[in-house]
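Residue-level listing of the chains:
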Amino acid sequence: MSFAWTPHRFSGGALALDLANSVILRFDPARRVDRFADPDAILAFVPAAQAFCAERWLFQDMVATDAASRPRLLALREAIDVHFRRRVLGTDDRNSLSTLLDAASQALRHAPADGALEAQSAHSALRLICEPDPQRMKICGNCGWLFLDRSKNRSRTWCDMAVCGNRVKASKHYKRKRGEPEP
Ligand SMILES: [Zn+2]
């Protein structure tokens, strides 16, 4: 398996968003990939999060999700994505919030340890709900990932300039060369 949890995959700026971003290209059913479809990839997510996640200083004792907790982790992941994606678009409501709170509650209640991935992800989601500056959360213009824009002038468009920013630039350059109109 050539897949690896590289630093780029932790561009979200918060564990809850990195978790949601374990699905690639959510908006495109033909190309969408769920990295958590492979249970080994869920196990490998934990040490990578401890190395690369922006919130890593909060969970150095993180432990992997056991098989019994996996459905709760995935339910929490989907609730995080739905609620915060809607919040960025201004369409979140008490349904998406209560679904997220329910999923966070279940993850916390049944986690085998305080440091379990699903418990730490629930804490991260709750911190984001209380984020005093919700405008900082954005959707990457290339890959659709959720991320926090911590730049001073809030000018980030891409989850990761080095990956998505460059990809868009390269495709614009290619289209210009072929004389195609830019989107
Ligand atoms: Zn991106």
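What you see is a predicted model, and the numbers here were worked out from it, not measured in a lab.

Draft legend 1. Representation of the nonpolar core within the structure. In this structure, Phe45, Ile80 and Phe84 are the most contacted members of the largest nonpolar core, which totals 35 residues. For this core, the secondary structure elements donating two or more residues are α1 (15-20), α2 (39-52), α3 (70-89), α4 (94-110), α5 (117-129) and β4 (146-148). In contact with phenylalanine 45, not counting residues within four places along its chain, are Trp5, Phe10, Leu15, Asp18, Leu19, Phe36 and Leu117. Counting residues in hydrophobic clusters, the runner-up holds ten residues, among them Ile24, Phe147, Trp158 and Cys164.

Draft legend 2. Quick look at the coordination of the zinc ion. Listed as protein donors to the zinc ion are Cys140 (SG), Cys143 (SG), Cys159 (SG) and Cys164 (SG); their distances from the metal cover 2.3 to 2.4 Å. Considering all four donor atoms around the zinc ion, the spread of angles at the metal, 107 to 118 degrees, places the coordination shape in the tetrahedral class. All donors to the zinc ion come from one chain, and their sequence spacing reads C-x2-C-x15-C-x4-C. Here cysteine 143 is found in the loop between β3 (137-139) and β4, whereas its partner cysteine 164 is found in helix α6 (residues 161-178), with 21 residues between them in sequence. Like cysteine 164, cysteine 143 is buried.

Draft legend 3. Inspection of α5 at higher detail. Under the 1.5 Å per step criterion, the end-to-end length of α5 is 18 Å for 13 residues, consistent within 8% with the ideal 18 Å. Where α5 is concerned, the buried positions are Leu117, Glu118, Ala119, Gln120, Ser121, Ala122, Ser124, Ala125 and Leu128. Tucked into the core, α5 has its buried residues touching α1, α2, α3, α4, β3 and β4.

Procedures and definitions
Residues numbered from 1 in each chain as written. Predicted model: local features only at pLDDT ≥ 70, side-chain atom pairs only at ≥ 80, totals over all residues. Heavy atoms only, no water. Core = buried A, V, L, I, M, F, W, Y, C linked by side-chain atoms within 4.5 Å. Buried < 20%, exposed > 50% of the residue type's maximum accessible area, 1.4 Å probe, protein only. Helix = DSSP H or I, 4+ residues; strand = E, 2+ residues; numbered from the N terminus. Contact = heavy atoms within 4.5 Å. Donors = N, O, S within 2.8 Å, 3.2 Å for Na, K, Ca; no water. Tetrahedral: all angles 85-135°; square planar, octahedral: opposite > 155°, others 65-115°. Expected span 1.5 Å × (residues − 1).

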